[in-house]
Amino acid sequence: MRMKLRTEFIDREDLIAYLREVFPAAAERSAAVAELRGGRQAAESLLQAMQPARYATTRNHLQGAVTRLSAYLRHGVLTLAEVRRAALRHAGAEAGKLVQELAWRDYWQRIYAQIGAGIWQDREPYKTGWQPVDYATELPAEIVAGQTGLQCMDSFAQELHRTGYLHNHARMWLASYIVHFRRVRWQTGAAWFLAHLLDGDPASNNLSWQWIASTFAVKPYYFNRASLEQFTDGQYCRACQYYGHGCPFAATYEELQARLFPKKSEGETNK
Amino acid sequence: MTSPLIWLHEDCLNPHSPALQAYPKAPRVFVFAEDPRASLKRIVFQYECLLEIPGVEIRRGEVVTELVQAAREHNCQRLVTMSSVAPQWAAICAILRDDQQLSVEVFAPEPFVDNAAGEAERFDLRRFSRYWHPIKARALSLNPPFAG
């Protein structure tokens, strides 16, 4: 339906009510609205609050000093160049890790410019011992609904739907769970993330999924409970019904490798 | 010369973009296309970005149709936009130029690091490390000695 849309609103509630009315199908798919606000002003506030030096040492932890700038970068509200400069001014050499992570986004964008729609194709064969046909094409409904019973994965799925954001490490764990523990094609999971992430774009999203899957890496990425527990302060494990028994992640890396990739005769995996 | 129409798209919602700075008085339009995957939270986020762009006109419909209609309404014979790596963006630009006979001026966002060899610089994209190594010194310096 063609129309010109309103640009004057009393407040955020007024805007949201209007958009629910104008985009009913989108609201029906997922009615949630993120707390994170769009716009240059919000982006500049986060830019000011950035802690590049703390980022370098804490970023893998769910409570770490991450920037939350990704949705603004994805929509070009901020450029990579200005975030890079701001980080270097804030922290000098200690901003190195943050600048390198910004470079990943530039790297993904350059690949997307080269391959276009090929971003949905496997860049390389899987290094898991499995063939593409061995992976399911549908995402299990309980994963999408956040009802697997696994406190960590269910929390991540619900947070994705509610906020449109996940910490990078949570994305890696959830993606790895989907691709390697449930053996679902990375494309299926990538499409699910893209529909919800405020920062979702095919370049960073799909190529990161391919890195997890091993179709754009020399080995698959997987994790165990000890690692997840460490970087989450055990907040999910403590509340999980499977903590004492039945947790699929409670194993050594060697045990997981044998279980997840039994056809893989040799080589290493990302941990 | 008449004013161009600025086409805003989801890859550049910056109120200080080079396109908006080059034509501060030009009409500017964003089109929400029908997207069967779009979630409301994404639309709200983009809308809030748009509302900080003075004078923005927001439409809903098929992108080319709406841009052509907006150009007609504002008496614009040419379009200005920011570049994007998305293939859909290139496809829309091609239709505007080839089928609609509109000229399209494209501005690029500031690059992540200054290109050592200008636009001709080529990157090895096989693995991140191959891309990162040659640009690392420039990326980590505020005033790279060989900036272009």
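Further up the page is the structure itself.
Summary of the structure given here.

### Side note on the interface of chain B and chain A
- Residue-level contacts link 42 residues of chain B with 58 residues of chain A.
- Broken down by element, the side of chain B that touches chain A gets its largest block of residues, eleven residues, from helix 2 (residues 40-51) of chain B.
- Of the residues in the side of chain B that touches chain A, the class split is 27 nonpolar, four polar and eleven charged.
- Alignment of strand 1 (residues 3-5) of chain A against strand 3 (residues 56-60) of chain B, held across three bridges, turns out to be antiparallel. Among the inter-strand pairings, M3(A) is bridged to a residue of strand 3 of chain B, identified as R60(B).

### Quick look at the packing of helix 9 (residues 151-163) of chain A against helix 10 (residues 168-181) of chain A
Residues and elements named next belong to chain A.
- Taken N-terminus to C-terminus, the directions of helix 9 and helix 10 make an angle of 115 degrees; their axes are 10 Å apart at the nearest point. Judged by the inter-axis angle, helix 9 sits roughly perpendicular to helix 10. In this structure, helix 9 meets helix 10 at a crossing whose hand is left-handed. Contacts between helix 9 and helix 10 involve C152, M153 and F156 on the former and, on the latter, A170, W173, L174 and Y177.
- Here the residues of the contact of helix 9 with helix 10 sort into seven nonpolar, no polar and no charged.

### What to know about the nonpolar core
- A87(A), L5(B), L8(B) and L67(B) are the most contacted members of the largest nonpolar core, which totals 118 residues.
- Not counting residues within four places of it along the chain, the set of residues in contact with L5(B) comprises A26(B), P27(B), V29(B), A70(B), A71(B), H74(B), C76(B) and L79(B).

The rules we used
- Residues numbered from 1 in each chain as written.
- Chains lettered and ligands numbered in written order.
- Predicted model: local features only at pLDDT ≥ 70, side-chain atom pairs only at ≥ 80, totals over all residues.
- Contact = placed C-beta atoms within 7 Å.
- Helix = DSSP H or I, 4+ residues; strand = E, 2+ residues; numbered from the N terminus.
- Nonpolar A, V, L, I, M, F, W, Y, C, P; charged D, E, K, R; others polar.
- Pairing = 2+ DSSP bridges.
- Axes fitted to C-alpha atoms, helices over the stretch in contact; angles between N-to-C directions.
- Parallel < 35°, antiparallel > 145°, perpendicular 65-115°, else oblique.
- Left-handed = near helix turned anticlockwise from the far one by under 90°.
- Core = buried A, V, L, I, M, F, W, Y, C linked by C-beta atoms within 7 Å.
- Buried ≥ 20, exposed ≤ 12 C-beta atoms within 10 Å, placed from the backbone.

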